[in-house]
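Notes for the structure review
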Amino acid sequence: SAVISQKPSRDICQRGTSLTIQCQVDSQVTMMFWYRQQPGQSLTLIATANQGSEATYESGFVIDKFPISRPNLTFSTLTVSNMSPEDSSIYLCSVEGTGGASTEAFFGQGTRLTVV
Amino acid sequence: AQTVTQSQPEMSVQEAETVTLSCTYDTSESDYYLFWYKQPPSRQMILVIRQEAYKQQNATENRFSVNFQKAAKSFSLKISDSQLGDAAMYFCAYRRYMDSNYQLIWGAGTKLIIKP
């Protein structure tokens, strides 16, 4: 299993500013995943972060808007840049266990972002 | 492309009764994994149950069981003896292998309400 500490748990930010969300895992993991969950919606994958290489972004998400750092095997950050009210969402980081395809995913507690 | 469909945005059940949440998926693969995750108001996403497609036997975890119909591409979750703590969003997810890593494809979710 993996325990993920994600912070901040919530924030209210002014439009045009940036917020950096941190995720700390209690074990070394190869991949970390960042999701966005809009109110009442499902999870949408933003990007996959692999230590030592650039993150891989899903369609509709770009590095300039959501820069990701992955400095080591236990830590990652996601920055939401130049925020607008449309960025108000829950942001979740996730890792997977080491059991291959059958392994479960583990999640941080999420960051509830409100942009005003 | 793989898709996951949860056709019930919201379900309600009386405490101690049984409820079934539906999930269908579309894939051309023969071997894959399916998951049900629970997200309570605390936002912490938790694995409820998983099913390996090559196993015909339906997975069970205490009060939670699945009805896996591979030919019909159906993966429903049955919750027996519903408890107040079962109130949450429930997400069905399909795991695929893409770009050298595993990714989860998520359904839209079903909000489960437990009536005392």
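Residues numbered from 1 in each chain as written. Chains lettered and ligands numbered in written order. Predicted model: local features only at pLDDT ≥ 70, side-chain atom pairs only at ≥ 80, totals over all residues. Heavy atoms only, no water.

Residues and elements named next belong to chain A. Strand order in the open sheet formed by four strands is β1-β3-β8-β7, and the pairing between neighbours is antiparallel. The sheet is open, and its two borders are formed by β1 (4–7) and β7 (68–72), each paired with just one other strand. Going from strand to strand, the sheet's axes swing by 15° on average, the running direction of each strand aside. In the sheet, β1 pairs with strand β3 (residues 19–25) via four bridges, with the strands oriented antiparallel. (Pairing = 2+ DSSP bridges. Helix = DSSP H or I, 4+ residues; strand = E, 2+ residues; numbered from the N terminus. Axes fitted to C-alpha atoms, helices over the stretch in contact; angles between N-to-C directions.)

Our focus in this paragraph is the packing of aromatic side chains. For the coordinates displayed, the defined rule picks out 14 aromatic pairs over all chains. Between Tyr35 of chain A and Phe107 of chain A, the ring centres sit 6.0 Å apart and the planes meet at 40°, which makes this aromatic pair tilted. Of this pair, Tyr35 of chain A sits in strand β4 (residues 31–37) while Phe107 of chain A sits in strand β10 (residues 105–107); the two residues are 72 residues apart in sequence, bridging distant segments of the chain. Taking the relative accessible area as the measure of exposure, Tyr35 of chain A reaches 3% and is therefore buried. On the accessibility criterion, Phe107 of chain A (4% relative accessible area) is buried. Ring centres of Trp36 of chain B and Phe75 of chain B lie 6.2 Å apart, and the angle between their planes is 25°; this geometry places the pair in the stacked category. Residue Trp36 of chain B is located in strand β5 (residues 33–39), and its partner Phe75 of chain B is located in strand β9 (residues 74–79); the two are separated by 39 residues in the primary sequence. Of the two residues, Trp36 of chain B and Phe75 of chain B, both sit in the buried class. Of the aromatic side chains, those joined through ring pairs into one cluster are Tyr35 and Phe107 of chain A together with Phe35, Tyr37, Phe91 and Trp106 of chain B. (Phe/Tyr/Trp six-rings, centres within 6.5 Å; stacked < 30°, edge-to-face > 60°. Buried < 20%, exposed > 50% of the residue type's maximum accessible area, 1.4 Å probe, protein only.)

This brings us to the pairing of β4 of chain A. Residues and elements named next belong to chain A. Among the seven residues in β4, seven count as buried, and that is most of the element. Sheet topology places β4 next to strand β5 (residues 43–50); seven bridges connect them, and they run antiparallel. What sits directly across from Tyr35, in β5, is Leu45. Connecting the antiparallel pair β4 and β5 is a turn made up of five residues, with Gly40 showing a positive phi of about 70°. As paired elements, β4 and strand β9 (residues 89–96) share six bridges and run antiparallel to each other. When the sheet's bridge partners are listed, Met32 is paired in β9 with Val95.

All quantities given are derived from atomic positions and should not be read as evidence of function.
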